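Architecture at a glance
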Amino acid sequence: MRRRFFVDEVRNGQAEISGDDAAHLTRVLRVEVGQRYEISDNHQLYLAEIETARKERVVFRTIEKLPVIEPPVRTILVAAIFKFDRFEWMIEKATELGVAEIVPVVTTRTEKGLDKAAPKRLERWRRIGVEASQQSRRAHLPVISEPARWRDALETTAAYRYGLDEQESRPLAGLFPVGRSAGDTVALLIGPEGGWTEGEWASAREH
């Protein structure tokens, strides 16, 4: 199975990876001229061949477009921010499972200090999304939004929205309507350590 890489753009049948990412390809993965890989510009997927493989510059030439298999539904995780090591693991696994968007949320019970530190982590979180997307052979990168306040996060548009609560016992599979159709968006609200407050649940029900 061919490796898959993300590129900024494909122009006139060519794409380029530079800097540290190119160095990783040439020094660690040891890519060479003539080898074929799959590349995505986050819109289309291509079979491509390496034309140039230098220390800090790798150039691909596209050969053909490849079919893109889309998930049956578009899933958004509206996730309360918790300890960063666990939150980053969540981003990685959610990406591998095909989640389309992750909205980090500051809630009442978000651990003190994480709300201010979270914006500085955004670039790292998006990098984790890229690496997990390549590892799991996604065609599109997940959207990882800037940290939002709870009230703003509730404005997330979705055909179906579900709040996950450790005090409830209804199986998750039973929450999804039988009549949902391909292309529907499902938002899952994931609470912080300690769970949602009554006020947060009340405001969620209002939406």
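Above this text sits the structure in question.
Reference entry: report on the structure contained in this document. Just so it is clear, the model here is predicted, and its values are computed rather than measured. (Residues numbered from 1 in each chain as written. Predicted model: local features only at pLDDT ≥ 70, side-chain atom pairs only at ≥ 80, totals over all residues. Heavy atoms only, no water.)

Considerations on the layout of surface pockets
Approximately 670 Å³ is the volume attributed to the largest pocket. If you go around the largest pocket, you meet 23 residues; those closest to its centre are Phe6, Asp21, Arg127, Val130 and Gln134. Put simply, the parts of the chain that give the lining of the largest pocket at least two residues each are β1 (4-6), β2 (14-18), α1 (19-28) and α3 (114-135). For the lining of the largest pocket, the class distribution of residues is 9 nonpolar, 4 polar and 10 charged. The volume enclosed by the second largest pocket comes to roughly 550 Å³. Surrounding the second largest pocket, 25 residues form its lining, Ile69, Glu70, Pro71, Arg138 and His140 being those nearest its centre. Its residues assigned to classes, the lining of the second largest pocket comprises 13 nonpolar, 5 polar and 7 charged. (1 Å grid on protein atoms, 1.4 Å probe; cavity = no way out; pocket = protein on both sides within 12 Å on 5 of 7 lines; lining within 4 Å. Points joined across faces, edges and corners; volume = space filled by probe spheres on them. Helix = DSSP H or I, 4+ residues; strand = E, 2+ residues; numbered from the N terminus. Nonpolar A, V, L, I, M, F, W, Y, C, P; charged D, E, K, R; others polar.)

A look at the sheet that holds β2
In spatial order, the strands read β1-β3-β4-β5-β2; together these 5 strands make up an open sheet with mixed pairing. Single-partner strands in this sheet number two, and they are β1 and β2. Direction aside, neighbouring strands of the sheet carry axes that sit 40° apart on average. With 5 bridges joining them, β2 and strand β5 (residues 57-66) adopt antiparallel strand pairing. (Pairing = 2+ DSSP bridges. Axes fitted to C-alpha atoms, helices over the stretch in contact; angles between N-to-C directions.)

Notes on the packing of aromatic side chains
Scanning all chains against the criterion turns up 6 aromatic pairs. Between phenylalanine 82 and phenylalanine 87, the aromatic rings sit 5.2 Å apart at their centres with planes inclined by 70°, giving edge-to-face as the arrangement. The burial state of phenylalanine 82 is the same as that of phenylalanine 87; both residues are buried. A ring pair is formed by phenylalanine 87 and tryptophan 125, whose centres lie 4.8 Å apart and whose planes are at 45°; its orientation type is tilted. Of this pair, phenylalanine 87 sits in helix α2 (residues 84-96) while tryptophan 125 is found in helix α3, placing the two residues 38 residues apart along the sequence. Classification of phenylalanine 87 as buried rests on a relative accessible area of 0%. Connected via pairs of aromatic rings, a cluster forms that spans Phe82, Phe84, Phe87 and Trp125. (Phe/Tyr/Trp six-rings, centres within 6.5 Å; stacked < 30°, edge-to-face > 60°. Buried < 20%, exposed > 50% of the residue type's maximum accessible area, 1.4 Å probe, protein only.)

Observations concerning helix α5 (residues 198-206)
For α5, the complete set of buried residues consists of Glu200, Trp201, Ser203 and Ala204. The buried residues of α5 occupy an angular sector of 165° when projected down its axis, which confines them to one face. Residues of α5 that are exposed and point over 90 degrees away from its buried face: Glu198, Arg205 and Glu206. (Arc of directions from axis to C-beta.)

Looking at the packing of α2 against α3
Relative orientation of the contacting elements α2 and α3 amounts to 35°, with a least axis distance of 9 Å. Pair α2 / α3 crosses with right-handed handedness. Contacts from Phe84, Phe87, Glu88, Ile91, Glu92, Thr95 and Glu96 in α2 reach Leu114, Ala117, Ala118, Arg121, Arg124, Trp125, Ile128, Gly129, Ala132 and Ser133 in α3. Partitioning the contact of α2 with α3 into residue classes produces 9 nonpolar, 3 polar and 5 charged. (Left-handed = near helix turned anticlockwise from the far one by under 90°. Contact = heavy atoms within 4.5 Å.)

Quick notes on the nonpolar core
As a rule of thumb, nonpolar side chains are buried together in soluble globular proteins. Among the nonpolar cores identified, the biggest contains 21 residues, and Leu77, Phe87, Met90, Ile91, Ile102 and Trp125 are the most heavily contacted of them. Within the residue set of this core, elements represented by two or more residues are β6 (74-80), α2, β7 (101-106), α3 and β11 (185-190). What methionine 90 contacts, discounting residues up to four positions off in sequence, is Leu77, Ala79, Phe82 and Ile102. Judged by nonpolar contacts, the second largest core, of 14 residues, contains Val31, Tyr37, Tyr46 and Ile50. (Core = buried A, V, L, I, M, F, W, Y, C linked by side-chain atoms within 4.5 Å.)

Everything listed is a geometric property; what it means functionally is a separate question.
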